[in-house]
Amino acid sequence: MRVSKYFLLFCLFLSFVTKLNAQSINWTEIEPGIWKGVIGKPEEFDLLKAAGVQPYHAGLQQMPKVGFPLVQEEITAHVQDGKTYLSFPLQKKEQLFGFGLNFQTVFQRGKVLTLHVDNYAGKDNGRTHAPTPFYVSSNGYGVFINSARYINVYAGTAVRRDSKVPPEVKDRNLDKTWSSHPYSDAVEMLVPAAGAEIYIFAGPTTLDAIRRYNLLNGGGCLPPRWGLGFTQRMQRLTDAQGVAAEAQAFEEKGYPLDFIGLEPGWQSKSYPCTFEWDKSRFPDPEAMVQGMLKKNVRINLWTNPYVSPEAPVYKDILPYSASHTVWNGIVPDISMPAARKIFFGNLEKGKIDIGISGYKMDEVDGGDNYLWPDVAVFPSGHDAEQMRQTYGLMMQRYTSEIYHQRNQRTFGLVRASNGGGSSFPYVIYNDYYDHRDFITALVNSGFAGVLWTPEVRSSKTGEEWLRRFQSNVFSPMAMINAWASGTKPWSFPEVAEQVKTMANLRMQMMPYWYSEFAKYHFEGIPPFRAMYLEDGFAGSETKTENKKLNLEENPYEEAITKEVKDQYMAGEFLLVAPMFAGQTSRKVILPKGRWFDFYTGKYAGNGEVISVEPGLDKIPVYVKDGGIIPMMPIMLHAPKAGQKVNIEIRYYGDKPGTYSLYDDDGETYDYEKGNYTFRKISVSKTNGKLKSGITPVLKGKPDNIGKVTFRIMTGQ
Ligand code: GAL
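Residues numbered from 1 in each chain as written. Predicted model: local features only at pLDDT ≥ 70, side-chain atom pairs only at ≥ 80, totals over all residues. Heavy atoms only, no water.

Caption draft 1: Region of interest: the overall build of the protein. Across its full length, the protein carries 13 helices and 37 strands. Relative to the compact-globule value of 27 Å for 716 residues, the protein shows a C-alpha radius of gyration of 26 Å, a close match. The principal-axis extent of the C-alpha atoms belonging to the protein is close to 85 × 75 × 55 Å. Taken over 716 residues, the protein has a buried fraction of 59%. Put simply, of all contacts in the protein between residues at least 6 apart along the chain, 74% involve residues at least 24 apart. Here the protein has roughly 28,600 Å² of accessible surface; of this, 52% comes from carbon and sulfur atoms. (Helix = DSSP H or I, 4+ residues; strand = E, 2+ residues; numbered from the N terminus. Rg over C-alpha atoms; globule rule 2.2 N^0.38 Å. Buried < 20%, exposed > 50% of the residue type's maximum accessible area, 1.4 Å probe, protein only. Contact = heavy atoms within 4.5 Å. Areas by Shrake-Rupley, 256 points an atom, 1.4 Å probe, with all protein chains shown as cover.)

Shown next as structure tokens:
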């Protein structure tokens, strides 16, 4: 075929126009190891503005000094027809992680996604509760696009004509190595706006890039101590007596309980909501809340933001609401100060101001068939898409602000978040209920700057109940969500004791969890994260399974990349490998270095795949050599501010170990004014003899640590 000269001229013209449009990006180092580049004219409303958080400078200053992690000229961008085209380089062996809270996959290279806040519907296609436009690379850098738009991502799928390392052209007729996914050397994105801000995060490690991202967002959240205890969400139509009876049952049976969640029935009407107590079920909410507080049990309230025509605030908020309704409730435009004053003022009045400890903010994610559509109009002028991407962020921001003003920490639940949300004291949950996928989400949460709970609701068998409970205890929020079925920890009598042991373990580990969350806040290290972020983890090489190519049915099928998504790191030292119902044994990949059994201290392996048969009572957990786990006695409620608690330091393996044990009042924001301590623990063993120490409390600093004892776990 002869190519016409007009066509060639046209091509030349096109490439000229593209080059003309290609904008050189000026990179400014805004914090150590974080560069910002501006393309076109970024919109006035974006994720970071919606979240309104300030970088945690002190934490960022501690990070290693590094240079720009990519070749700047290889990042290209241009704006055309009101859209921003972005292209980032990608090396041959690079793996990508992130792009939000995914449930089924950890490796994101080769994915085509549309990042869109939504109720997860069983497919990792970008529609999820926190579609954070942030990815990190195994080569040790991160990229964040600060835009409140639905962003299309081609994560190493498309092949550019100007590629420096184009894939080899192959003949499908005879060449068995022909691939339907030729090698792509770029991550490309399309932002449907005439500009965007790009942030590049240096490593040197992948974890460092994540840390910089979290610190840019203000540092990870630091929950109150009680937030790390156990929480029970009650059946939706429970009443004040039911609440009292529940707390009493927990106490009598000896199950820990720090807060109770009330589901829709606390409101006089829900879906849409009145935000008013139902006086038949809760005649005196204040007395109920205060009575519970005296018993060290806090109350958390469910709500969605959709305002019923019968809500007392309806008339006031009507002028500040969207053109469309959700379940016949109006949608407050919470990006407007006037709407916020009414809406959040109402969440405070008669709720937070009578002692409510926090909220569960439901249905701020989707799905499409009940949420406001993209054609909805909001009075602020922010469009429906921007509101969809940021509503969960804003709900977190403005409720947190109320608590912050009261100098009282909160810890709640939310069903949508996004880039910028790391510092908000909220945990994501959903209605999906696949235990394995729940663990994959936990693995991915650390890449997305969010917290996720694999909540326990109901189960077909006692075995499933216990297995779900075990992994839930090793997660940011230990919780039963009994809103539908009214389950209790002891609902399956055959495993009630094992469930209690696990709940107690959660409490015993509180000093560890609390210190790990402090590292999330001050150092940006996600407390729950993927094995791929761990030094010496061999699974990082991409292994592929054989192609199941079938020319009739799936002629473009490619080899499946094996990923490790059923084990994760919990805090500095622990590797958790959940068991799923029906399993009696499983394989665990131990990174290089010696690892020890959490329960017995026995040696488990070193840089190898082990097969374990833990029995029903245990969830396999391993500790790194030199690992230090601070524990406290079993308590039914988290220690209160000022309450001294004895600490047992468990020490594993043979290597000398150190640990930073965090302490503050556990309830207020005084830590922001420097009212906290990290006490250094050090332990070593020579010829079986223990040498241990903990640095003293500095004068004027919080001191909630009582007697400290040491326990050698290995070789005793
Ligand atoms: C769902 C939520 C559940 C429960 C329920 C109450 O949307 O995910 O956890 O709160 O609403 O109606």
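The discussion continues.
Caption draft 2: Representation of the sheet that holds strand β3 (residues 76-80) in the model. Spatial ordering of the open sheet is given by β3-β4-β11-β10-β6-β7, a layout of six strands whose pairing is mixed. Lying at the two open borders of the sheet, with one neighbouring strand each, are β3 and β7 (127-128). Pairing analysis gives five bridges linking strand β6 (residues 111-117) to strand β10 (residues 151-155), with the strands arranged antiparallel. Among the inter-strand pairings, leucine 115 is bridged to a residue of β10, identified as isoleucine 151. This element, helix α9 (residues 384-405), spans β6 and β7 of the sheet and lies at about 80 degrees to β6. (Pairing = 2+ DSSP bridges. Axes fitted to C-alpha atoms, helices over the stretch in contact; angles between N-to-C directions.)

Caption draft 3: Representation of the domain arrangement of the protein within the structure. Domain annotation of the protein identifies domain 1 (22-216), domain 2 (225-444 + 454-464 + 473-484) and domain 3 (628-712). The C-alpha centroid of domain 3 is placed 39 Å from the C-alpha centroid of domain 1. (Domains from an automatic or database assignment.)

Caption draft 4: Geometry of the pairing of strand β31 (residues 621-624). One ladder, built from three bridges, connects strand β26 (residues 574-576) with β31; its direction is antiparallel. Among the inter-strand pairings, valine 576 is bridged to a residue of β31, identified as valine 621. Relative to β31, strand β28 (residues 594-597) is paired through three bridges, and the arrangement is antiparallel. Counted as the bridge partner of tryptophan 595 is lysine 624 from β31.

Caption draft 5: Local environment of the site of the ligand. By nearness alone, every residue bordering the ligand is listed as Glu263, Pro264, Tyr271, Trp302, Lys360, Asp362, Glu363, Arg415, Tyr429, Asp431, Asn481 and Trp483. Within the side chain of tryptophan 302, an N or O atom sits 3.4 Å from an oxygen atom of the ligand. Burial of the ligand by the surrounding chains reaches 95%, relative to a free accessible area of 310 Å². (Near = heavy atom within 4 Å. Polar contact = N/O pair within 3.5 Å; in protein donor to acceptor, adjacent residues only side chain to side chain.)

Caption draft 6: Quick look at the pattern of salt bridges. Here the structure, examined in full by the defined rule, presents 42 salt bridges. Residue aspartate 365 is joined to arginine 415 by a salt bridge in which the shortest nitrogen-to-oxygen separation is 2.8 Å. Within this pair, whereas aspartate 365 is found in the loop between β18 (358-361) and α9, its partner arginine 415 is found in the loop between β19 (412-414) and β20 (426-428), the two being separated by 50 residues in sequence. Across the pair, exposure class does not vary: aspartate 365 and arginine 415 are buried alike. A salt bridge links aspartate 664 to arginine 409; its shortest N-O distance comes to 3.0 Å. With a gap of 255 residues between them, aspartate 664 in the loop between β34 (657-663) and β35 (677-686) and arginine 409 in the loop between α9 and β19 connect regions that are remote in the sequence. Taken as a pair, aspartate 664 and arginine 409 share a single burial class, namely buried. Through salt bridges with shared partners, a single network forms among Glu43, Arg149, Asp383 and Glu385. (Salt bridge = Lys/Arg side-chain N within 4 Å of Asp/Glu carboxyl O.)

Caption draft 7: Spatial organisation of the sheet that holds strand β13 (residues 230-233). Sheet architecture is open: seven strands sit in the order β20-β19-β18-β15-β14-β13-β21, paired in parallel fashion. Looking along the sheet, the strands with just one partner apiece sit at the ends: β20 and β21 (478-481). Along the sheet, successive strands turn relative to each other by an average axial angle of 25 degrees, direction set aside. As paired strands, strand β14 (residues 259-262) and strand β15 (residues 298-303) are joined by four bridges and run parallel to one another. Looking at β15, one finds that isoleucine 260 is bridged to isoleucine 299. Set on the sheet, helix α11 (residues 462-473) makes contact with β13 and β21; between it and β21 the angle comes to about 140 degrees.

Caption draft 8: Expanded view of the UniProt feature "domain: Glycoside hydrolase family 31 TIM barrel" (unreviewed entry) in the protein. Mapped onto this numbering, the UniProt entry annotates "domain: Glycoside hydrolase family 31 TIM barrel" (unreviewed entry) at residues 222-515. Note that residues 222-515 is 36% helix and 13% strand, and that its end C-alpha atoms are spaced 9 Å apart. (UniProt positions renumbered as here; feature names shortened; annotations may be inferred.)

Caption draft 9: Main features of helix α4 (residues 206-216). The buried fraction of α4 amounts to 11 of the 11 residues, a majority that puts the element mostly inside the structure. Residues Thr206, Leu207, Asp208, Ala209, Ile210, Arg211, Arg212, Tyr213, Asn214, Leu215 and Leu216 constitute the buried set of α4. Looking one or two places after α4, you find glycine 218, whose phi comes out positive at around 100 degrees.

Caption draft 10: Spatial organisation of the environment of arginine 298. Relative to the elements of secondary structure, arginine 298 occurs in strand β15. Taking the C-alpha atoms as reference points, arginine 298 and leucine 505, separated by 207 residues in sequence, lie 21 Å from one another. Once residues within four sequence positions are removed from consideration, arginine 298 is found in contact with Trp226, Asp258, Phe259, Ile260, Leu293, Ser357 and Glu667.

Caption draft 11: Highlighting unusual backbone geometry. A cis amide bond links tyrosine 271 with the next residue in sequence, proline 272, at an omega value of 10 degrees. Tracing the chain through its elements places proline 272 in the loop between β14 and α6 (285-294). Omega for the bond connecting glycine 366 with glycine 367 falls within 30 degrees of zero, at -5 degrees, which places this linkage in the cis form. Within the secondary structure layout, glycine 367 lies in the loop between β18 and α9. A positive phi angle, near 50 degrees, is found at asparagine 407, a position not held by glycine. Structurally, asparagine 407 is set in the loop between α9 and β19. Classification of asparagine 407 by relative accessible area gives partly exposed; the value is 28%.

Caption draft 12: Highlighting the nonpolar core. Ranked by internal contacts, the top residues of the largest apolar core, which has 189 residues, are Leu262, Ile299, Trp372, Phe474 and Leu574. Judged by nonpolar contacts, the second largest core, of 30 residues, contains Phe99, Tyr135, Val143 and Ile151. (Core = buried A, V, L, I, M, F, W, Y, C linked by side-chain atoms within 4.5 Å.)

Caption draft 13: Looking closely at the confidence of the model for the protein. Of all residues in the protein, 95% attain a pLDDT of 70 or more, and the chain-wide mean is 95. With pLDDT under 50 throughout, residues 14-20 is counted as low confidence; its partners more than four residues away or in other chains account for one contact. (pLDDT = per-residue confidence, 0-100.)

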